[in-house]
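A closer look at the structure
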Amino acid sequence: MAGERADRRPTRWHIAVFLAPAVLIYTAVMIIPLFGTLQLSLFSTVDNRQIFVGLKNFATLFGDERWADSFWNALWNNTWFFIVHMVVQNPIGVLLAALLSHPRLRFSAFYRTAIFVPTILSFVIVGFTWKLILSPLWGVAPELLDMIGLKHLFTPWLGKEDYALTTLGLISVWQFVGIPMMLIYAALLSIPEEILEAAECDGITGFSQFWKIQLPLILPAIGIISILTFVGNFNAFDLIYSAQGALAGPNYATDILGTFLYRTFFGFQLQIGDPNMGATIASIMFFIILAGVCLYLFAIQTRLRRYQF
Amino acid sequence: MTRKTLTAFLLGTSIFGLAGQAQAQDTTLTIESWRNDDLAIWQEKLIPAFEAKNPGIKVVFSPSAPTEYNAALNAKLDAGSAGDLITCRPFDASLELYDKGLLADLAGLAGMENFTDVAKSAWSTDDGAATFCVPMASVIHGFIYNKDAFAEVGVEVPKTEGEFFAALDKLKQDGTYIPMAMGTKDLWEAATMGYQNIGPSYWKGEEGRLALIKGEQKLTDPQWVEPFAALAKWKDYLGDGFEAQSYPDSQNLFTLGRAAIYPAGSWEISLFNTQADFEMGAFAPPVKAAGDTCYISDHNDIAIGLNANSPNADAAKTFLSWVASPEFATIYANALPGFFSLSSTPVEMEDALAQEFVSWRENCESTIRSTYQILSRGTPNLENETWVKSANVINGTETPEAAAAELQKGLASWYDPQK
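Since we're looking at a predicted model, the values are computed, not measured.

Some remarks on the environment of Ala 104 of chain B
All names here are of chain B. Secondary-structure assignment places Ala 104 in the loop between α4 (92-99) and α5 (117-120). Along the primary structure Ala 104 and Ile 304 are separated by 200 residues, whereas in three dimensions their C-alpha atoms are 11 Å apart. Aside from chain neighbours lying at most four places away, what touches Ala 104 is Phe 132, Leu 306 and Ala 308.

Have a look at this one:
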């Protein structure tokens, strides 16, 4: 009986039809190029022809002293860029969200919008605006510091090896702090009033209420933000390119994987592009991000406790 | 975000592309170029002059940003969407395009006889058998100075290195002007306006450049390290925060009259003429001792070639023959003082500053930038590394010897004659 009924059940075409657009588009613009890149990294151009070389490009990237130096420099810079975001952007995002969700805060809609606006600006605008603000010649930064008597603290940050990358990290934080703020703000709003009231009955108020009740409840949101930050940072390119150029000066101090990939793949000035080595770097970036995301999914997300209200 | 921009861009170009097709009755030639500064000159002077003589051919000048040009052009050529006429970078960037069959051989083109082999060297194969771009112009390096500032502070135009630094010291002591307008933020200024500007006097122009290519000299030899040592001294004469000063910043600093000396390429002349309201002069890179032969970098900079896959090859060749004619040379050299014609026919120029630059050709030895021919074929790329190292040396983060040693090591890693 049961088998017969299953046989008679019509093919559910609508599932395939509804899935098709997303699957097709995603396959065309993401999956095929991704495998194309992986494939390209296994080839090398000899006499204008593509020759299969196996893992030789990867061996060059890690084995050749110069390639390896550039790669590890870019990877470390990228990691530092990520650390700056994790240490500065996300705590500030949580703090801002906590302040915004405070019931007695006035003009919270205004603050929320103002803090979120930079996120929708183009990287190019952000890069050039900050370049101008920090310019030692025409920037407002030296004058503002002068006004409060701290002129001696001013240095041409974007031109110094020691500061340039951190400065760019902070510029990026300024631009994107709105995103963790919004996500955490939404998570905080979804915590039912009753729980907080119950906590108050138990004598947990103020900061310890945030620490003991709200923070554990928004941990999944913080996890998602961390992984978004990770993926975003290891794919970053635009800000560095618009502020420092493709050579990511001074002395490659701001070179991250994205700019390294760009220079290698497309070439720069007299350097002719090398799509195969570029694809090799892109593949490594993909593996790094894949490893990071897997680590999060399997090691962290499964251990996060979720609460249903 | 970027993907959305790209989609919008693709949509936009396809719409414009359709609009373009709908209008085109005549043959339309598109020129790819990195000289977006020249847009007005092409649209107002060069293209009308050509179209008046060649009815039925329309020309569109379509430039992109200089630093993106090579990458953008390569991508367009690979995709088959590049214009009919390709503005050629000198040496390997264009040679690579020719070797890939993307640029056509122009050896038989009418008008090519107007150029010497030296003029064509930057756009010919290593054996000189094929030439694939029509040479347009070269640029000369030197220093542009603010005549008013020199008169006010009482500085004489320097001829030797000693006089040069004495002048800078005097300007610095006076304090009214920043002695020299240059920044290291964009890196290439340090290499192009610094190292390649003063360098030929030390390595004796062509002699040193060719010896380096043959492997007879090394970048660690004194004549190649000394220019770095001289650059290291520039640090004290640049403006506050020069480490974060970009190329446009330097240009503005000079044209606003706040700096006295600008290490220049002659391509600055037309912009400076329109922006600066003080009188300008120019002096050649200083020699070591009075009476030494002077050397200048007279670098083949720009040419124009034919996209091998262009559907309008005949019209494009007509245009290229016109580019090779003395008529084009005269319009171009006068519209863009500072881009000196490579044509064998002498070209009359009206601009005083341009005349000053070109006058050095008479008593100085000319050379081209040392890193451009052959030596930038490998990875690491010598030209790009020279940018980084020159900036390091001026910033004081690396000694001249260490910078030279690194460059030599990089070059020797792939260039056999230097091993």
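From this point, things continue past the structure.
With respect to the UniProt feature "transmembrane region" (unreviewed entry) in chain A
According to UniProt, the feature "transmembrane region" (unreviewed entry) maps to residues 12-35, 80-101, 113-133, 163-188, 217-237 and 277-299 of chain A in the numbering used here. Strand forms 0% of residues 217-237 of chain A and helix 86%; the C-alpha atoms that close the span are 34 Å apart.

Some points on unusual backbone geometry
Gly 249 of chain A connects to Pro 250 of chain A through a cis peptide bond whose omega is -10 degrees. By secondary structure assignment, the location of Pro 250 of chain A is in the loop between α12 (238-244) and α13 (257-266). Residue Pro 380 of chain B is bonded to the preceding Thr 379 of chain B through a cis peptide linkage, with omega at 0 degrees. Along the chain, Pro 380 of chain B turns up in the loop between β10 (364-367) and α16 (382-395). Located in the positive-phi region is Lys 204 of chain B, a residue other than glycine, with phi close to 60 degrees. For Lys 204 of chain B, the location among the structural elements is in the loop between α8 (188-203) and α9 (206-214). With 16 C-beta atoms counted inside 10 Å, the residue Lys 204 of chain B sits in the partly exposed group.

What to know about the interface of chain B and chain A
Listed as interface residues are 34 residues of chain B and, on the opposing side, 27 residues of chain A. Mapped onto the side of chain B that touches chain A, the elements with two or more residues apiece are α3 (66-79), α4, α11 (247-255) and α16 of chain B. It is α16 of chain B that contributes the most residues to the side of chain B that touches chain A, 7 residues altogether. Of the residues assigned to the side of chain B that touches chain A, the class counts are 10 nonpolar, 15 polar and 9 charged.

Examining α8 of chain B
Along α8 of chain B, the sharpest change in direction is near 35 degrees and occurs at Tyr 195 of chain B. Phi turns positive, to about 60 degrees, at Lys 204 of chain B, one or two residues after α8 of chain B.

As for the pairing of strand β3 (residues 85-88) of chain B
Residues and elements named next belong to chain B. Burial of β3 is two-sided: the residues Leu 85 and Thr 87 facing one way and the residues Ile 86 and Cys 88 facing the other way are all buried. Examined bridge by bridge, strand β1 (residues 27-33) and β3 share 2 bridges and lie parallel to one another. Bridge assignment links Glu 32 to a residue of β3, and that residue is Ile 86.

Some words on the nonpolar core
The nonpolar side chains of soluble globular proteins are, as a tendency, buried together. Residues and elements named next belong to chain B. Met 180, Ala 259 and Phe 319 are the most contacted members of the largest nonpolar core, which has 167 residues in total. Per-element accounting of this core gives the leading share, 9 residues, to strand β4 (residues 133-146). When sequence neighbours within four positions are dropped, the list of residues in contact with Phe 319 reads Leu 29, Phe 50, Ile 57, Val 59 and Leu 85.

Some remarks on the UniProt feature "domain: ABC transmembrane type-1" (unreviewed entry) in chain A
When the UniProt feature table is mapped onto this chain, "domain: ABC transmembrane type-1" (unreviewed entry) is found at residues 75-298 of chain A. Note that residues 75-298 of chain A is 70% helix and 2% strand, and that its end C-alpha atoms are spaced 24 Å apart.

Some details on the confidence of the model for chain B
Residues and elements named next belong to chain B. For chain B, the mean per-residue pLDDT works out to 88, and 94% of the residues sit at or above 70. Below a pLDDT of 50 lies the segment residues 11-24, which in the model reaches 0 contacts outside its immediate sequence neighbourhood of four places, other chains included. Here the prediction assigns the complex a pTM of 0.83, and the interface score ipTM is 0.84.

Conventions used here
Residues numbered from 1 in each chain as written. Chains lettered and ligands numbered in written order. Predicted model: local features only at pLDDT ≥ 70, side-chain atom pairs only at ≥ 80, totals over all residues. Helix = DSSP H or I, 4+ residues; strand = E, 2+ residues; numbered from the N terminus. Contact = placed C-beta atoms within 7 Å. UniProt positions renumbered as here; feature names shortened; annotations may be inferred. Buried ≥ 20, exposed ≤ 12 C-beta atoms within 10 Å, placed from the backbone. Nonpolar A, V, L, I, M, F, W, Y, C, P; charged D, E, K, R; others polar. Bend = angle between axes of the 7 residues up to and from the residue. Pairing = 2+ DSSP bridges. Core = buried A, V, L, I, M, F, W, Y, C linked by C-beta atoms within 7 Å. pLDDT = per-residue confidence, 0-100.

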